Amino acid sequence: MIEVLDAGPLTTVQDLGRPGWAHLGVPRSGAADRGAVRLANRLAGNPEGAAALETSLAGPRLRIHHDCVVVLAGAPCPAAVAGRELALHQATRLAAGDELIVGRAQRGARTYIAFAGGIDAPPTLGSRATDTLAGLGPAPLRAGDRLALGDPYGRPPAVDVVPVPEPAGEVEVALLLGPRDDWLAAGALDALHAAAYTVDAASNRVGVRLTGPRLHWARPQELRSEGIVPGAVQVPPSGQPIVLLADHPTTGGYPVVGVVAERALDRVAQLRPGDRIRLRPVPNPV
């Protein structure tokens with residue numbers, strides 16, 4: 001059992017989500033940085049899809065009630081137990097009565113805290129993930145909450161070094177054009193290609209809101225709602241693009257001018273307000 005003394009700005013339970021329910025209006029949700037939660041779980045001796053904690057910009061303060069093993073991955077941040085500093089990507093044994101303090105992210109936005117055995121929260125539609133938009137899964141952590149852990153799956157692997165690049169303050173990702181790039185006015189794609197957009201403070205697990213050159217629509221009418229996927233880049237009437245993340249709605253009425261490949265979404269999910277992103281349009285080969 002783990003007791004939450006301070007939940008931090010937003011700490012949620014996340015696994016790899018609940019795919020396969022979009023036809024019923026339920027998004028996949030799950031960890032925003034899927035690579036980081038997979039890594040944290042592997043280093044804790046868990047299956048990659050075990051439930052862990054995802055922090056947002058700063059982490060929680062937790063009291064440990066039973067001996068356990070913890071691993072941190074994702075955004076680097078200060079973390080300590082009883083005056084001992086914890087490094088990323090290392091399995092650390094905690095004793096009953098210890099307090100784990102996870103501080104503010106130094107780079108990146110999201111740190112993952114995996115415990116051997118995983119967080120044993122009740123599953124909803126096959127997943128323990130917190131969906132902040134749909135309200136499915138466990139509620140975001142609050143002071144006083146108690147989290148149960150499952151039985152450890154086995155001993156954590158012996159690992160000396162994990163060569164994982166740290167989150168960057170500026171990223172460049174390919175944008176596969178379509179299906180509605182024809183809704184952009186002449187010159188808008190050139191402006192998109194040339195600009196570096198800044199991450200807005202209103203960004204969250206639903207999407208990364210960007211600020212930069214306005215992308216004007218070529219058509220005055222509204223678009224009927226269409227299905228959307230993680231990584232879809234919507235352009236609302238403001239002309240400021242939004243890169244959709246894990247908790248995005250399953251349909252939307254703003255034109256999707258392109259999609260960021262899923263393998264690049266982990267880097268996008270680690271962007272924090274003030275960071276920059278370059279979206280490089282590439283033609284759709286289909």
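**Considering helix H1 (residues 34–43)**
Okay, so step 1: When you tally the buried positions in H1, you get seven out of ten residues, the bulk of the element.
Okay, so step 2: Residues Arg34, Ala36, Val37, Leu39, Ala40, Asn41 and Leu43 constitute the buried set of H1.
Okay, so step 3: Packed against the buried residues of H1 are strand S2 (12–14), strand S3 (52–54), strand S5 (68–74), strand S10 (111–115) and helix H3 (262–269).
Okay, so step 4: Trailing H1 by a residue or two, Gly45 shows a phi angle of about 85 degrees, which is positive.

**With respect to the sheet that holds strand S1 (residues 2–6)**
Paired through their backbone hydrogen bonds, the strands of a sheet run either parallel or antiparallel.
Okay, so step 1: Overall, antiparallel pairing links the six strands, which are arranged S7-S6-S9-S4-S1-S11 in an open sheet. This sheet does not close on itself; its edge strands, each paired only once, are strand S7 (84–85) and strand S11 (146–147).

**Points about H3**
For an α-helix, the turn length of 3.6 residues means that residues three or four places apart are oriented alike.
Okay, so step 1: Those residues of H3 that fall on the buried side of the exposure criterion are Ala264, Leu265, Asp266, Val268 and Ala269.
Okay, so step 2: Buried residues along H3 sit in contact with H1, strand S12 (170–177), strand S14 (207–211), strand S17 (242–244), strand S19 (256–260) and strand S20 (276–282).

**Here's the deal with the pattern of salt bridges**
Okay, so step 1: Tallied over the full model, the rule gives 18 salt bridges.
Okay, so step 2: Two residues, Arg146 and Glu3, come together in a salt bridge whose shortest N-O distance is 3.9 Å. Of this pair, Arg146 sits in strand S11 while Glu3 is found in strand S1, placing the two residues 143 residues apart along the sequence.
Okay, so step 3: Taking the shortest distance from any N to any O, the salt bridge between Arg278 and Glu170 comes out at 3.0 Å. With Arg278 in strand S20 and Glu170 in strand S12, this pair connects stretches of sequence that are 108 residues apart.
Okay, so step 4: For Glu170, a relative accessible area of 37% gives the class partly exposed.
Okay, so step 5: The network of salt bridges with shared partners includes Glu3, Arg61, Arg63, Glu99 and Arg146.

**Here we look at the environment of Val171**
Okay, so step 1: Along the chain, the position of Val171 falls in strand S12.
Okay, so step 2: Of the residues examined, Val171 reaches a relative accessible area of 5% and is grouped as buried.
Okay, so step 3: When the C-alpha positions of Val171 and Asp200 are compared, they lie 15 Å apart, and in sequence the two are 29 residues distant.
Okay, so step 4: Excluding anything up to four places from it in sequence, Val171 contacts Arg267, Leu271, Arg276, Ile277 and Arg278.

**A few points about the side chain of Asp15**
Okay, so step 1: Structurally, Asp15 is set in the loop between S2 and H1.
Okay, so step 2: The buried charged residue Asp15 lacks any salt bridge partner; its closest oppositely charged side chain belongs to Arg128, at an N-O distance of 5.6 Å.
Okay, so step 3: A polar side-chain atom of Asp15 sits 2.7 Å from a polar atom in the side chain of Ser127.
Okay, so step 4: Only 2.8 Å separates the side chain of Asp15 from the backbone nitrogen of Arg128, close enough to count as a polar contact.
Okay, so step 5: What Asp15 contacts, discounting residues up to four positions off in sequence, is Gly30, Ala31, Gly49, Ala50, Ala51, Ser127, Arg128 and Ala129.

**Quick notes on the side chain of Asn41**
Okay, so step 1: Relative to the helices and strands, Asn41 is located in helix H1.
Okay, so step 2: In terms of polar contacts, Asn41 uses its side chain to reach the backbone carbonyl oxygen of Glu48, at 3.1 Å.
Okay, so step 3: Those residues within four positions of Asn41 in sequence are excluded, and the remaining contacts are Asn46, Pro47, Glu48, Gly49, Ala50 and Ala114.

**Considerations on the nonpolar core**
Okay, so step 1: Counting residues in hydrophobic clusters, the biggest one holds 44 residues, and the most contacted among them are Leu210, Val243, Val260, Val268, Ile277 and Leu279.
Okay, so step 2: Sorting elements by how many residues they give to this core places H1 first, with five residues.
Okay, so step 3: Leaving out residues up to four positions away in the same chain, Leu210 has contacts with Tyr197, Thr198, Val199, Gln240, Pro241, Val243, Ile277 and Leu279.

**Remarks on the pairing of S1**
Okay, so step 1: Where burial is concerned, most of S1 is hidden: four out of the five residues are buried.
Okay, so step 2: As judged from the two bridges shared by S1 and S11, these two strands associate in the antiparallel manner. What sits directly across from Glu3, in S11, is Arg146.

What counts, and where the lines are drawn
Residues numbered from 1 in each chain as written. Predicted model: local features only at pLDDT ≥ 70, side-chain atom pairs only at ≥ 80, totals over all residues. Heavy atoms only, no water. Buried < 20%, exposed > 50% of the residue type's maximum accessible area, 1.4 Å probe, protein only. Helix = DSSP H or I, 4+ residues; strand = E, 2+ residues; numbered from the N terminus. Contact = heavy atoms within 4.5 Å. Pairing = 2+ DSSP bridges. Salt bridge = Lys/Arg side-chain N within 4 Å of Asp/Glu carboxyl O. Lys, Arg positive; Asp, Glu negative; His and termini not counted. Polar contact = N/O pair within 3.5 Å; in protein donor to acceptor, adjacent residues only side chain to side chain. Core = buried A, V, L, I, M, F, W, Y, C linked by side-chain atoms within 4.5 Å.

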